[in-house]
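The chain contents come next:
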Amino acid sequence: MALMTVKFDLKKRVTLAQGLWLMNWFSVMAGVLVFSLGLVLKVELRKRSEMMDNAESHFVPNSLICVGIFGCALNAFGGKICYDSLDLAKYSKWKPFMKPYLATCFIFNILLLLTAGLCFTMRLALESTLMHGLKSGMRYYKDTDTPGRCYMKTTLDMMQIEFRCCGNNNYKDWFEIQWISNRYLDFSSKEVKDRIKSNVDGKYLMDGVPFSCCNPSSPRPCIQFQITNNSAHYSYDHHSEKLNIWTRGCREALLSYYSGMLNSIGILVLLVLLLEGAVMVGLRYLHTSLESLSNPEDPESESEGWLLEKSVKETVSSFLEGLKSMGKSNQVDSDVEAGGGEAQTVTTIS
């Protein structure tokens, strides 16, 4: 028994075909949108690729780009089929392609669902890559004369200003690395010598942060050096007073920025999935209604359209049986080949 049967006359079939033609072109524009979102996300990730530990984060934008291109081509082809279905003579050439096309649409919808899921779960991968990438990038902040690293200072400063953040987890991360190059240190100064000697690795460490950590909204001039030394500043207590530098870590700020972007993209992809699902269902009705015409030579004759020719249980059972029969046929073919080889061996010995 067919599932969700609907009766069609010529007017309903024409209306369905015209509506599907329009929806297919909306889907083409949706594919362009998905493609564009993938490009935007890729560009945003590329801007800060120096602060990311690996290239796995580009898998999601690449998936969006590929799905968008595939969706445009698939729906443009579907629009042509719907347009030709208004004329039975033109539609006859598409009949052999309808079932494979609908199967391709079903696979495409699964790909859309997986892509949306990747958008929602990418935060976990980003958190790890940003944690290691920012930590590594901060160590190269001082290497303005080293080829390949001379841009890192500008990149980190612009990021901290744009996202109003400081350090990896917080501003104290700058206390653990030497972020001032040796060329700008006066090694004849007693303070510099003492700081270098007090460190096991011979690095110049201090409780200070780069200027880009300063909060311009603070009424007090920026205290970026001797942050933990209360006696070095008038009326200052770094434990109780609100600091005039950004206290939020850049990893958290970037994660929040990218997560908001990815969640928005994921929701849009789900909306595209709903549109594609509606188009696939409509195409199935159009296909079955044209296949079941009571009089194929009379376009005005009535017909029935359905989603599944059998019930869900019967459809699943027949699908599984088909898979089993394919497995058995492959096994028989391999047995025949093996038997032929043995027969040939026996003949050769005799």
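Per an unreviewed UniProt entry, the protein is named Peripherin-2, and its organism is Polyodon spathula. Under the heading Subcellular location (unreviewed entry), UniProt records this for the protein: "Membrane". In UniProt, the protein has this text filed under Sequence similarities (unreviewed entry): "Belongs to the PRPH2/ROM1 family."

Residue-level account of the packing of helix α2 (residues 59-84) against helix α7 (residues 250-291), with values.
Packing of α2 against α7 brings their axes to within 12 Å, and their N-to-C directions diverge by 25°. By the angle between their directions, the pair α2 and α7 is classed as roughly parallel. Note on packing geometry: the crossing formed by α2 with α7 is left-handed. Between α2, through Val60, Leu64, Asn75 and Cys82, and α7, the contact on the second element is made entirely by Leu262, Ile265, Val269, Glu276, Leu283 and Leu286. A class-by-class count of the residues in the contact of α2 with α7 yields 8 nonpolar, 1 polar and 1 charged.

With reference to specific residues and values, describe the UniProt feature "transmembrane region" (unreviewed entry) in the protein.
Residues given the UniProt feature "transmembrane region" (unreviewed entry) here are residues 20-41, 62-81 and 101-126. Within the segment residues 20-41, helix and strand shares are 100% and 0% respectively, and the terminal C-alpha atoms sit 31 Å apart. Helix makes up 100% of residues 62-81 and strand 0%. Its end C-alpha atoms lie 29 Å apart.

Got a sec to walk through the state of the cysteines? Specific residues and values, please.
Tallied over the entire structure, the rule returns 3 disulfides. The disulfide partner of Cys166 is Cys213, and the gap between their sulfur atoms is 2.1 Å. Across the S-S bond linking Cys166 and Cys213, the dihedral sits near 85°, which makes this disulfide right-handed. A residue pair is termed long-range when its members are at least 10 positions apart, and Cys166 in the loop between α5 (152-163) and α6 (190-197) and Cys213 in the loop between α6 and α7 qualify at 47 residues. Here Cys166 and Cys213 have matching classes, each one buried. Each sulfur of the disulfide joining Cys214 and Cys222 lies 1.9 Å from the other. In this structure the cystine formed by Cys214 and Cys222 twists about its S-S bond by roughly -80°; its chirality is therefore left-handed. You can call Cys222 partly exposed: its relative accessible area is 34%. Each bonded cysteine in the protein gets a number by its place in the sequence, and the pairs come out as 1-6, 2-3, 4-5. We note that Cys82 lacks a disulfide partner, and the nearest cysteine sulfur, in Cys105, lies 9.5 Å from it. Owing to a relative accessible area of 6%, Cys105 belongs among the buried residues under this scheme.

How each quantity is defined
- Residues numbered from 1 in each chain as written.
- Predicted model: local features only at pLDDT ≥ 70, side-chain atom pairs only at ≥ 80, totals over all residues.
- Heavy atoms only, no water.
- UniProt positions renumbered as here; feature names shortened; annotations may be inferred.
- Axes fitted to C-alpha atoms, helices over the stretch in contact; angles between N-to-C directions.
- Helix = DSSP H or I, 4+ residues; strand = E, 2+ residues; numbered from the N terminus.
- Parallel < 35°, antiparallel > 145°, perpendicular 65-115°, else oblique.
- Left-handed = near helix turned anticlockwise from the far one by under 90°.
- Contact = heavy atoms within 4.5 Å.
- Nonpolar A, V, L, I, M, F, W, Y, C, P; charged D, E, K, R; others polar.
- Disulfide = S-S within 2.5 Å.
- Buried < 20%, exposed > 50% of the residue type's maximum accessible area, 1.4 Å probe, protein only.

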